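Now for the letters of each chain:
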Amino acid sequence: MPYYRSVGEVPRKRHTQFRQPDGSLYTEELMGQEGFSADSSLLYHRHPPTAIVAAEEFTPPGYTRLPNHPLKPRHLQTHKLDGAGADPVLGRRQLLANDDVRIGYVLADRPSPLYRNATGDECLYVEAGTLRLESTFGALDLVAGDYVVVPTSTVHRLVPTGDTPVRLLTIEATGHIGPPKRYLSVRGQFLEHSPYCERDVRGPDAPLLVDGTDVEVLVRHRARTATGTAWTRHVYAHHPFDVVGWDGHQYPWAFSIHDFEPITGRLHQPPPVHQTFQGPNFVICSFVPRKVDYHPDAIPVPYHHHNVDSDEMLFYTGGNYEARRGSGIGQGSISLHPSGFTHGPQPGAAERSIGVDFFDELAVMVDTFRPLDLCDAAVECEDPGYAWTWNRQP
């Protein structure tokens, strides 16, 4: 994260004696990126974070990947995946994936196990419900419309907190997720043209201390197995939530889609104005309610377009999608428009949009620069008639 935070107790100088009430030293842990050459945070533990008493293989819920073949646009109806209760980590249904990112969905009604993703950052979007992210850095309360970015290797768990299950779109990278570089100064400050800034970002504001021994943590890590990424169950001698203070630039952080300030113009603005985050070979964008094009001859809905270098995934999470009327798109839908296919508004949408001055829509877009495969759950919830909807008359 591009700005500094200090939470709890930290000593005046780094790497100096910092003692507990009983006189013993707190244990320092530097958690950083790119081998001491990029963002980091320094945490102070009551117990050594290295003390494990067991490690064993763990088999997570499996899934398979199939190419988008024959090539065609897809419509996934995520709410059709609703079933028995699940937790927000092991209950994820993977939908789309390539070697850079996995996109999934979960309806969760119970806490997850303690979890560490050592393969990359995660960005979670809350479609509905409330939950709490608890981690070694502290806790963050999340509501509908929130994004939360969880840095690589952060020990955390996700705890639904409301009377109804929480719905999450999950985006798991094989690298780091952060604000687009063009929004930031060379020192990491949000610039004036950015659609959000430091005031919109939330981080943990107090330590979260939990006592316990022989505590299990599931770790997804970079070893490879015949079925994909390996998982291990570690048992820690002491609970990982024993950090009395930390400071630095790396920590879980939340941002509400409702705080994204849309960039508009006289004529239709292209998707890069909606960009919110960037990851390795993909971007995440936010489409929010906004005033639309105000040239007297403007056509507010998007023109047909063909992104020759990317696949486009759009998760529809609120409002009214005028450009997609007649396609079957609704709340919780995901559309996948692959490279090699020209896509755009439904028949009649361009003419209907003339004179409209405001769009009430809410959506999360992920554009990837490698093709997305379909996972089992995508096949399970696909609307098979979607590809032919542009052939219908309005």
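A brief report on the enclosed structure follows. (Residues numbered from 1 in each chain as written. Predicted model: local features only at pLDDT ≥ 70, side-chain atom pairs only at ≥ 80, totals over all residues. Heavy atoms only, no water.)

1. Regarding the overall build of the chain
This is how the line gets drawn: Helix and strand definitions here come from DSSP, where helices need a minimum of 4 consecutive H or I residues and strands a minimum of 2 consecutive E residues; each element is numbered from the N-terminal end. We compute the radius of gyration over the C-alpha atoms and compare it with the globule rule, which gives 2.2 Å times the number of residues raised to the power 0.38. The contact rule is simple, with two residues in contact once any of their heavy atoms fall within 4.5 Å. Note on areas: Shrake-Rupley with a 1.4 Å probe; residue coverage comes only from the protein chains shown. We count Lys and Arg on the positive side and Asp and Glu on the negative side, and we leave His and both chain ends out. Charged side chains are reduced to one point each, which is NZ for Lys, CZ for Arg, CG for Asp and CD for Glu.
Tallying secondary structure elements over the chain gives two helices and 28 strands in all. Over its C-alpha trace the chain gives a radius of gyration of 22 Å, about what one expects of a compact globule, namely 21 Å for 394 residues. If you line up the chain on its principal axes, its C-alpha atoms span 75 × 45 × 40 Å. For the chain, the share of sequence-separated contacts (at least 6 apart) that also reach a separation of at least 24 residues comes to 76%. Element-wise, carbon and sulfur atoms account for 51% of the exposed surface of the chain, whose accessible area totals about 17,900 Å². Positive and negative side-chain charges in the chain, numbering 35 and 48 respectively, have mean positions lying 2 Å apart.

2. Topic: the pattern of salt bridges
Applicable threshold: Think of a salt bridge as a Lys or Arg side-chain nitrogen and an Asp or Glu carboxyl oxygen that are within 4 Å of each other. Relative accessibility thresholds used throughout: buried, under 20% of the residue-type maximum; exposed, over 50%; partly exposed, between the two (1.4 Å probe, protein chains only).
Tallied over the entire structure, the rule returns 19 salt bridges. Measuring nitrogen to oxygen at the nearest pair gives 3.5 Å for the salt bridge that ties Asp141 to Arg132. A relative accessible area of 52% places Asp141 in the exposed class. If you follow the salt bridges from partner to partner, you end up with Arg92, Arg102, Glu122, Glu172 and Arg220 in one network.

3. Digging into the sheet that holds strand 8 (residues 101–108)
By definition, the strands of a sheet pair up through backbone hydrogen bonds, in either a parallel or an antiparallel sense. Under the convention used in this document: Whether two strands pair comes down to DSSP finding at least two bridges between them.
Spatially, 5-28-7-8-15-10-13-20-16 is the arrangement adopted by the nine strands of the open sheet, whose pairing is antiparallel. Strands with a single pairing partner mark the edges of an open sheet, and in this sheet they are strand 5 (65–66) and strand 16 (201–202). Both strand 16 and strand 20 (residues 253–256) contribute to a ladder of two bridges, which runs antiparallel. Looking at strand 20, one finds that Val201 is bridged to Phe255.

4. Describing the sheet that holds strand 27 (residues 361–368)
What counts is decided by this rule: Lines fitted to C-alpha atoms define the axes, with helix axes restricted to the stretch in contact, and inter-axis angles between N-to-C directions lie between 0 and 180 degrees.
Pairing is antiparallel across the open sheet formed by six strands, whose spatial order is 6-25-24-27-22-21. Every interior strand has two partners, whereas the edge strands, strand 6 (74–77) and strand 21 (275–279), have only one. Strand-to-strand twist in this sheet, taken as the mean axis angle between neighbours without regard to direction, amounts to 15°. Pairing of strand 6 with strand 25 (residues 333–337), which is carried by four bridges, proceeds in the antiparallel orientation. The residue bridging Gln77 from the neighbouring strand is Ser333, located in strand 25.

5. Some details on the environment of Thr389
What counts is decided by this rule: Whenever two N or O atoms come within 3.5 Å, that pair is a polar contact, provided that in protein one can donate a hydrogen and the other can accept it, and provided that, for residues adjacent in sequence, both atoms are side-chain atoms.
Along the chain, the position of Thr389 falls in the segment after helix 2 (376–380). On the basis of relative accessibility, which here comes to 2%, the residue Thr389 falls in the buried class. Sequence spacing of Thr389 and Pro347 is 42 residues, and the spatial spacing of their C-alpha atoms is 8.6 Å. Aside from chain neighbours lying at most four places away, what touches Thr389 is Gly326, Ser327, Gln346 and Pro347. From its side chain, Thr389 meets the backbone oxygen of Tyr386 in a polar contact 2.9 Å long.

6. Description of the side chain of Glu172
Note on placement: Glu172 falls in strand 15 (residues 166–173). A distance of 3.5 Å separates the side chain of Glu172 from the side chain of Arg220, its partner in a polar contact.

7. Re the packing of aromatic side chains
Inclusion rule: Under the pairing criterion, centres of Phe, Tyr and Trp rings, with the six-membered ring standing for Trp, must be within 6.5 Å; the plane angle then separates stacked pairs below 30 degrees from edge-to-face pairs above 60, leaving the rest tilted. In this scheme, Lys NZ or Arg CZ marks a charge over a ring once it lies within 6 Å of the ring centre and within 35 degrees of the ring normal.
Applying the stated criterion to the full structure yields 18 aromatic pairs. Cluster of aromatic residues (ring-pair linked, three or more members): Tyr105, Tyr125, Tyr147, Tyr183, Phe190, Tyr196, Trp253, Phe255, Phe277 and Phe315. If you follow Arg5 out to its NZ or CZ, it ends over the ring of Tyr251, 5.7 Å from the centre.

8. What about the state of the cysteines?
To keep it simple, the criterion reads: Here, the term disulfide refers to a pair of cysteine sulfur atoms separated by no more than 2.5 Å.
Per the stated rule, a full pass over the model turns up zero disulfides. Here Cys285 is not disulfide-linked; the sulfur of Cys123 is the nearest cysteine sulfur, at 12 Å. You can see Cys375 has no disulfide; the closest cysteine sulfur is in Cys381, sitting 11 Å from it.

9. Topic: the environment of Arg202
Structurally, Arg202 is set in strand 16. Of the residues examined, Arg202 reaches a relative accessible area of 30% and is grouped as partly exposed. For the pair Arg202 and Gln17, spaced 185 residues apart in the sequence, the C-alpha separation amounts to 30 Å. Those residues within four positions of Arg202 in sequence are excluded, and the remaining contacts are Leu140, Asp141, Leu142, Asp146, Pro252, Trp253, Ala254 and Ser256. Here the side chain of Arg202 touches Asp141 through a polar contact of 3.0 Å, landing on its backbone oxygen.

Remember that the coordinates give geometry; whether it matters functionally is a separate question.
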